[in-house]
Amino acid sequence: MLNVQAFTSLFLPAEAATEAAGARLASVLSSGGVVFLEGTLGAGKTYITRAIVRACGHVGTVKSPTYTLVEPYELAGLQVYHFDLYRLADAEELEFMGIRDYFAPGNLCLVEWPSRGAGFLPQPDVILKLTPDREGRTLEASAFSILGVAAVEALNPC
């Protein structure tokens with residue numbers, strides 16, 4: 001069982017607020033880390049991932065890797081991997097695709113639907129749970145490492 005070291009909950013009333021939260025997270029995650037993204041279909045997991053990847057310096061399309069499982073982004077000084085495990089038939093498939101290589105130190109790994117990869121994924125630094133809420137969404141962030149604590153703290157606007 002993971003021990004939560006920090007927690008915050010934010011209401012993100014519009015897409016601009018989600019983009020701003022993603023940018024604040026990117027300011028901490030620009031040297032790597034492991035982020036799990038949880039929430040129902042349409043909750044905003046890919047949207048906040050897109051905001052993080054763009055804030056890390058990617059220019060262009062950030063697409064959901066629903067059918068490919070992983071979408072790589074090679075940025076100046078940072079390798080980003082966006083995983084979408086929704087269609088994963090068996091978590092053991094991750095072992096066959098060399099999952100451990102992706103989670104090398106200094107890489108940023110953003111994992112949607114992490115529960116489908118249970119037993120084959122490393123411990124996250126932070127878990128982001130998104131829930132549709134009125135006209136926006138609620139973002140709950142739980143930290144499980146020193147990096148995760150910094151990410152949670154970055155989410156709290158001054």
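Computed from a prediction, not measured in an experiment: that's the story for all the values here.

What counts as what
- Throughout, a residue's number is its position along its own chain's written sequence, starting from 1.
- Since the coordinates come from a predicted model, pLDDT governs what is reported: local features require at least 70, and pairs of side-chain atoms require 80 or more to be given and counted, while whole-chain, interface and lining totals use all residues.
- As a rule here, side-chain values cover all heavy atoms of the structure and leave hydrogens and water aside.
- The definition of a nonpolar core used throughout is a set of buried Ala, Val, Leu, Ile, Met, Phe, Trp, Tyr and Cys residues joined through side-chain atoms within 4.5 Å.
- Each residue gets one of three labels from its accessible area relative to the maximum for its type: buried under 20%, exposed over 50%, partly exposed in between, using a 1.4 Å probe on protein chains only.
- A pair of aromatic rings is counted whenever rings of Phe, Tyr or Trp (Trp by its six-membered ring) have centres within 6.5 Å, and the orientation is called stacked for planes under 30 degrees apart, edge-to-face for over 60 and tilted otherwise.
- Counting from the N terminus, the helices are the DSSP runs of H or I reaching at least four residues and the strands are the DSSP runs of E reaching at least two.
- Geometry is summarised by axes, namely lines fitted to C-alpha atoms with helices restricted to the contacting stretch, and by angles between N-to-C directions that run from 0 to 180 degrees.
- Here is the rule for angles: anything less than 35 degrees is roughly parallel, anything more than 145 is roughly antiparallel, 65 through 115 is roughly perpendicular, and the remaining ranges are oblique.
- Note: crossing handedness is left-handed where the near helix turns anticlockwise from the far helix by less than a right angle, and right-handed where it turns clockwise.
- Should any heavy atoms of two residues lie within 4.5 Å, those residues are counted as being in contact.
- Here the nonpolar group is Ala, Val, Leu, Ile, Met, Phe, Trp, Tyr, Cys and Pro; Asp, Glu, Lys and Arg are the charged ones; every other residue, Gly included, is treated as polar.
- Each polar contact in these results corresponds to two N or O atoms within 3.5 Å; when the atoms are within protein, one needs to be able to donate a hydrogen and the other to accept it, and residues that are neighboring in sequence are counted only if both atoms are side-chain atoms.
- By the convention used here, strands pair only if DSSP detects at least 2 bridges between them.

1. Quick notes on the nonpolar core
Thinking step 1. Residues Leu 108, Leu 128 and Leu 139 are the most contacted members of the largest nonpolar core, which totals 33 residues.
Thinking step 2. The next biggest cluster of nonpolar side chains, apart from the first, holds 18 residues, and it includes Phe 36, Tyr 81, Leu 94 and Phe 144.

2. Some remarks on the packing of aromatic side chains
Thinking step 1. Tallied over the entire structure, the rule returns 4 aromatic pairs.
Thinking step 2. A ring pair is formed by Tyr 81 and Tyr 102, whose centres lie 4.7 Å apart and whose planes are at 85 degrees; its orientation type is edge-to-face. Placement of Tyr 81 in strand E4 (residues 78-84) and of Tyr 102 in helix H4 (residues 99-102) is noted, with a sequence separation of 21 residues between them.
Thinking step 3. Here Phe 83 and Phe 103 contribute two aromatic rings whose centre-to-centre distance is 5.5 Å and whose plane-to-plane angle is 10 degrees, an arrangement assigned as stacked. With Phe 83 in strand E4 and Phe 103 in the loop between H4 and strand E5 (107-112), the pair connects residues that are 20 residues apart, well separated along the chain.
Thinking step 4. According to the relative accessible area criterion, Phe 83 is buried, its value standing at 1%.
Thinking step 5. Residue classification places Phe 103 among the buried residues on the basis of a relative accessible area of 15%.

3. Observations regarding the packing of helix H1 (residues 15-29) against helix H2 (residues 45-55)
Packed helices, taken two at a time, are described by the angle their axes make and the gap between the axes.
Thinking step 1. Where H1 contacts H2, the axes come no closer than 8 Å and their chain directions differ by 50 degrees. By the criterion of interaxial angle, the relationship of H1 to H2 is oblique. Remark: the crossing between H1 and H2 carries right-handed chirality. For the pair formed by H1 and H2, the contact residues are Glu 15, Thr 18, Glu 19, Ala 21, Gly 22, Ala 23, Leu 25 and Ala 26 on the first element and Tyr 47, Ile 48, Ala 51, Ile 52 and Ala 55 on the second.
Thinking step 2. Looking at the contact of H1 with H2, its residues break down into 9 nonpolar, 2 polar and 2 charged.

4. Description of the side chain of Gln 79
Thinking step 1. Note on placement: Gln 79 falls in strand E4.
Thinking step 2. The class for Gln 79 is buried, based on a relative accessible area of 17%.
Thinking step 3. A distance of 3.5 Å separates a polar atom in the side chain of Gln 79 from the backbone oxygen of Tyr 73.

5. Structural notes on helix H5 (residues 146-155)
Thinking step 1. When H5 is considered as a whole, its buried residues turn out to be Gly 148, Val 149, Ala 151, Val 152, Ala 154 and Leu 155.
Thinking step 2. Its buried side turned inward, H5 meets strand E1 (6-12), H1, strand E6 (126-133) and strand E7 (136-143).
Thinking step 3. Capping of H5 at its N-terminal end is provided by Ser 145; its side-chain oxygen lies 3.3 Å from the backbone amide nitrogen of Leu 147.

6. Considerations on the sheet that holds E6
Thinking step 1. An order of E1-E7-E6-E2-E5-E4-E3 is seen for the 7 strands of this open sheet, with the pairing classed as mixed. The sheet is open, and its two edges are formed by E1 and strand E3 (70-75), each paired on a single side. Going from strand to strand, the sheet's axes swing by 15 degrees on average, the running direction of each strand aside.
Thinking step 2. Relative to E6, strand E2 (residues 33-38) runs parallel, the two being bridged by 4 bridges. From the neighbouring strand, Leu 37 faces E6, where its bridge partner is Leu 128.
Thinking step 3. Against the sheet, H1 touches E1, E2, E4, E5, E6 and E7, its axis set at about 150 degrees to E1.

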